[in-house]
Amino acid sequence: MRISTTSCLCPFLVCLCFIQRCYGAGHHVPTKVPSKNQTKLANGETEVHHRPKRGWIWNQFFVLEEHIGPDAQYVGKLHSNSDKGDGSVRYILSGEGAGTIFIIDEVTGDIHAAKSLDRERKAHYVLHAQALDRNTEEALEPKSEFIIKVQDINDNAPTFPDGPFVATVPEMSEVGTSVLQVTATDADDPTYGNSARIVYSILQGQPYFSVDPKTGIIRTALADMDREAREHYTVVIQAKDMAGQVGGLSGSTTINITLTDVNDNPPMFPQKNYQLYVPESAQVGKPVGKIKANDDDLGANADIKYSIINSEGANMFSISTDRDTREGIISLKKPLNYERKKTYTLHIEGMNTHVDPRFSYLGSFKDTATLKITVGDVDEAPVFSMDYYILDVYENSPSGTEVGTVTARDPDGRNSPVRYYMESKEDGVRYFRIDESSGVIRTTQPLDREDMPWHNITVMASEIDNPSLLSHVPVTVQVLDMNDNPPEIATDEEVIVCETSKPGQVIQTVTAVDKDDFANGQRFSFALPSQLPANPNFTLKDNEDSTASIIARRRRFNHLTQELYELPIVVWDSGEPSLSGTSTLTLRVCPCQRNGRIRICQGEAFLSSAGLSTGALIAILLCIVILLAIVVLFITLRRSKKEPLIISEEDVRENVVTYDDEGGGEEDTEAFDIIALRNPAAAEELKFRRDIRPEARNRCGLPHGRRSPCVELDEVDVHEFIKQRLMEADMDTSVPPYDSLQTYAFEGQGSSTGSISPLDSVAAQSEQEYNYLEDWGPEFQKLAELYEEAESDVTT
């Protein structure tokens, strides 16, 4: 079998030969050469070894992409050695694109491409070829695989998949500063020819930027590009294949480049001189004006710090920066006064806070301007001559005495008259008044220094023309002292005189006090009243140091003879004029015992000092003892135990229960049947009907009406009887809804004579006979008569 291809490959001597067609040249049909191996045997014969036929050996077929001719594109030819040219061999093709893209002539084996192919969509196709006998459909050659490759042509232009681009570069950058690298891609085969070899060039953006033709790196091409002059640039980059040769395809992209800011511009005031009007009433600490320097930079590069660089302006005004508006805010530091100074000149400097040293050659990044401030005249409140006043006046001065004068004036040029008055809410208005025109303060009543030494008042002043403008000043009035209070002895306590005192012995040293105020200290003199006769018991010695000593004049005192003594003492002060006062001291005599230098009166003396005699003390103690005894007795009685009224459960005696309900008398025999409590047998019969009389049973041999409880003891179990009653009480729905106590008592047994109690009988009281009570003796005679009378009454 032989084939013809469009490849430029040399023929091989193999089982299958290839037909080579170089640049469209003729077909080469190789011949089939059988391969033999000959081996010489011992007998001289030669053994021939035939190599078995090899399968299909194919080279690659090539077909150009994007074929646009009217005829199908010829790909190659299949040929088998078994094909004699008589049409007995049929060639078939299978695999990718067989029958649709690639068509084979079954007789000649020619393969054509029926459609235009795109290498970028599919680069190669894998097919299978087979030669069959047309008559028998038997395979003349085994099925073999071959590949058809699509040969690339330059049919794809370069593209920028990430475009368009945005880039930034600082202004004032040096030439060659890298901005951005762009990369284009080409879908053509980079291994075949120059179809995918790209070269970059700049179409727009010169002379500011350039591009590297191989790497696509964009760089600055012009020095000192200024953002303030131009901020945005548009650069167009072209990528061309075929190494930029003529006929190559190209693609382009756009790069938007923005210059970022650097601090290359100093701040500048729009003008060098400014003027500002500020009224003198402007508040301290409040803004009074603004000033602004312009900076063409952005962000932190445009931050400005303002300052006042001359002392005249810095003493009165301050300036700060508003970060949002970058303005200088001028504020007042001290109050303005139009009458004192009408104008101020401020030299203001604005300087960048972030300076780039790379641009220091451009100069200092600051600027100055002059601001002239004119102070405006405002109608102001009156101004007092002093910030506060301290005045004084003597106590006891008559009403209307002048204390002092306050003065205020109108600071404005008009010098309007001023009116004075006092704050009406203060207490000082009770003691002082002020003249509205002159500002003279006078008293309204005599003052007492000992009552209130200082007075605080507030004086207000206003212009007569404009009363709404007020000013205040504090005034303090000191009340000066006069000697108007006599001195007196400092202590009111009794002076203790010991019985063992001796003549000349100092009993006690006394001092004096005075409410008045003495600038050089208080000085007092002491003496006994001269108008009284000489005191035989005590005398007084002035120590000339504002103290005096009481001295005993006789030996021994007896508290039983005389317990109390009175000693009047006259005291003089050193005031002008001098005043004196007489104080009477009480001296008490008591027995004393010495304890060091301190005299301590015995208990008797202290008790007697309270004014109580011995008898009174004894009476008081006796009353206390009686009260204590009563309390102890009361507690003892309360703690004593009372005898319990409730009888123990072991006591089987008949209990007496008292009810508040009034019964029906002797004829009421149905109110409560107590037989049920004593006679269990009868209670069983009268369980539901109390109005039915029980039948009497006599099983102990006793007369009728005289039965012994032996019958019930023999027939009834008391324990079972109580259990039954308990069950009945639990099941009874007619009882009240709360717990109740039911008591069942038993009289007992052992009496030989039986019992006279009606509880042993089930018969009613009216049916019993009581004659047998007469046989028991005179003690029961009366009881029998009573029962007989009762029975006769019932019968009647």
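Residues numbered from 1 in each chain as written. Predicted model: local features only at pLDDT ≥ 70, side-chain atom pairs only at ≥ 80, totals over all residues. Heavy atoms only, no water.

Colleague: Any chance you could explain the overall build of the protein chain here in plain terms?
Modeller: Secondary structure assignment for the protein chain yields eight helices and 44 strands. Scored against the burial criterion, the 796 residues of the protein chain give a buried share of 35%. A separation threshold of at least 6 residues defines the contact pool for the protein chain, and within that pool the share at least 24 residues apart is 64%. A total of about 49200 Å² of accessible surface is found on the protein chain, and carbon and sulfur atoms cover 52% of it. (Helix = DSSP H or I, 4+ residues; strand = E, 2+ residues; numbered from the N terminus. Buried < 20%, exposed > 50% of the residue type's maximum accessible area, 1.4 Å probe, protein only. Contact = heavy atoms within 4.5 Å. Areas by Shrake-Rupley, 256 points an atom, 1.4 Å probe, with all protein chains shown as cover.)

Colleague: Teacher, can you tell me more about the sheet that holds strand β27 (residues 389–394) here?
Modeller: The strands making up a sheet are joined through hydrogen bonds of the backbone, oriented either antiparallel or parallel. The strand order across the open sheet built from four strands is β27-β34-β33-β30, with neighbouring strands paired in mixed fashion. Every interior strand has two partners, whereas the edge strands, β27 and β30 (418–422), have only one. Pairwise comparison of adjacent strand axes, ignoring direction, gives a mean angle of 30° for this sheet. Relative to strand β34 (residues 470–480), β27 runs parallel, the two being bridged by six bridges. Bridging from a neighbouring strand, Y389 pairs with V475 of β34. (Pairing = 2+ DSSP bridges. Axes fitted to C-alpha atoms, helices over the stretch in contact; angles between N-to-C directions.)

Colleague: Would you mind showing me how to read the sheet that holds strand β22 (residues 317–321) here?
Modeller: Here we have three strands laid out as an open sheet, ordered β20-β23-β22, and antiparallel in their pairing. Two strands lie at the open edges of the sheet, namely β20 (287–291) and β22, each paired on one side alone. Averaged over all neighbouring strand pairs, the angle between strand axes comes to 25°, with direction disregarded. Two strands pair when backbone bridges link them, and β20 and strand β23 (residues 328–332) are joined in this way by four bridges, in the antiparallel orientation. Considered in β23, the bridge of K290 is made with I329.

Colleague: What exactly am I supposed to notice about the pairing of strand β9 (residues 110–113) here?
Modeller: A regular strand places its side chains on the two faces of the sheet in alternate fashion. As judged from the four bridges shared by strand β6 (residues 73–77) and β9, these two strands associate in the antiparallel manner. Within the sheet, the bridge partner assigned to Q73 lies in β9 and is A113. Taking the residues that link successive antiparallel strands as the turn, the strand β8 (residues 102–104)-β9 hairpin has five residues, and the phi of G109 there is positive, at about 85°.

Colleague: Looking at this structure, how should I read the pattern of salt bridges?
Modeller: A side chain of one charge can pair with a side chain of the opposite charge when the charged atoms of the two come close. Evaluated as defined, the whole model comprises 17 salt bridges. Put simply, K272 and D367 hold a salt bridge, and the shortest N to O gap is 2.6 Å. Of the two residues, K272 is situated in the loop between β18 (250–260) and β19 (273–279) and D367 in strand β25 (residues 366–376); the sequence distance between them amounts to 95 residues. Looking at K272, the relative accessible area reads 46%, which means it is partly exposed. A salt bridge links R588 to E563; its shortest N-O distance comes to 2.7 Å. With R588 in strand β42 (residues 580–590) and E563 in the loop between β40 (547–552) and β41 (564–572), this residue pair connects regions lying 25 residues apart in the sequence. One connected set of salt bridges, linked through shared partners, spans R227, E228, E231 and D261. (Salt bridge = Lys/Arg side-chain N within 4 Å of Asp/Glu carboxyl O.)

Colleague: Which parts of the structure should I look at to understand the side chain of N301?
Modeller: Position of N301 among the secondary structure elements: in the loop between β20 and β21 (304–308). Ignoring any residue separated from it by four or fewer positions in sequence, one finds N301 in contact with D261, V262, N263, D295 and N352.

Colleague: Would you explain the side chain of S331 in this entry?
Modeller: Inspection of the secondary structure puts S331 in strand β23. The residues contacting S331, other than those within four sequence positions of it, are G285, K286, P287, V288, M316, F317 and S318.

Colleague: Explain the nonpolar core to me, please; I cannot follow it from the model alone.
Modeller: As a rule of thumb, soluble globular proteins bury nonpolar side chains together. Residues F317, I330, L346 and I348 are the most contacted members of the largest nonpolar core, which totals 24 residues. Of all the secondary-structure elements, those providing two or more residues to this core are β19, β20, β21, β22, β23, β24 (343–352) and β25. Of all the elements, β25 adds the most residues to this core, at four residues. Beyond its immediate sequence surroundings of up to four residues, L346 is in contact with I308, N310, G313, F317, I330, A369, T370, L371 and I373. In this structure, L391, V393, A461 and V475 belong to the second largest nonpolar core, which totals 22 residues. (Core = buried A, V, L, I, M, F, W, Y, C linked by side-chain atoms within 4.5 Å.)

Colleague: Would you explain the environment of N558 in this entry?
Modeller: Tracing the backbone through its elements, the reader meets N558 in the loop between β40 and β41. Judged by relative accessible area, N558 falls into the partly exposed class, the value being 37%. As a C-alpha pair, N558 and V589 span 31 residues in sequence and 6.8 Å in three-dimensional space. What N558 contacts, discounting residues up to four positions off in sequence, is E499 and V589. Separated by 2.9 Å, the side chain of N558 and the backbone nitrogen of L560 make a polar contact. (Polar contact = N/O pair within 3.5 Å; in protein donor to acceptor, adjacent residues only side chain to side chain.)

Colleague: I keep staring at the packing of aromatic side chains and nothing clicks. Help me out?
Modeller: The geometry of an aromatic ring pair is captured by the separation of the ring centres together with the interplanar angle, meaning the angle of the planes. For the coordinates displayed, the defined rule picks out 11 aromatic pairs. Centre to centre, the rings of F160 and Y200 are 6.3 Å apart; their planes meet at 50°, and the pair counts as tilted. Here Y200 lies in strand β14 (residues 199–204) and F160 lies in the loop between β11 (144–151) and β12 (165–170), a separation of 40 residues in the sequence. Across the pair, Y200 and F160 agree in class, each one buried. A ring pair is formed by F557 and Y565, whose centres lie 5.8 Å apart and whose planes are at 75°; its orientation type is edge-to-face. Relative accessible area serves as the criterion here: at 4%, F557 is assigned to the buried category. With relative accessibility at 7%, the residue Y565 sits in the buried group. Feature note: the residues Y208, F209 and Y233 constitute an aromatic cluster, connected by ring pairs. Seen from the ring of Y125, K122 lies directly overhead, with NZ or CZ sitting 5.4 Å from the centre. (Phe/Tyr/Trp six-rings, centres within 6.5 Å; stacked < 30°, edge-to-face > 60°. Lys NZ or Arg CZ within 6 Å of the ring centre and 35° of its normal.)

Colleague: Looking at this structure, I do not really get unusual backbone geometry. What am I missing?
Modeller: Glycine aside, residues mostly have negative phi, and peptide bonds are mostly found in the trans state. Of note, the bond from G163 into P164 is cis; its omega dihedral lies within 30 degrees of zero at -5°. Omega for the bond connecting Q206 with P207 falls within 30 degrees of zero, at 5°, which places this linkage in the cis form. For E544, which is not a glycine, the phi torsion comes out positive at approximately 60°. Along the polypeptide, E544 turns up in the loop between β39 (538–542) and β40.

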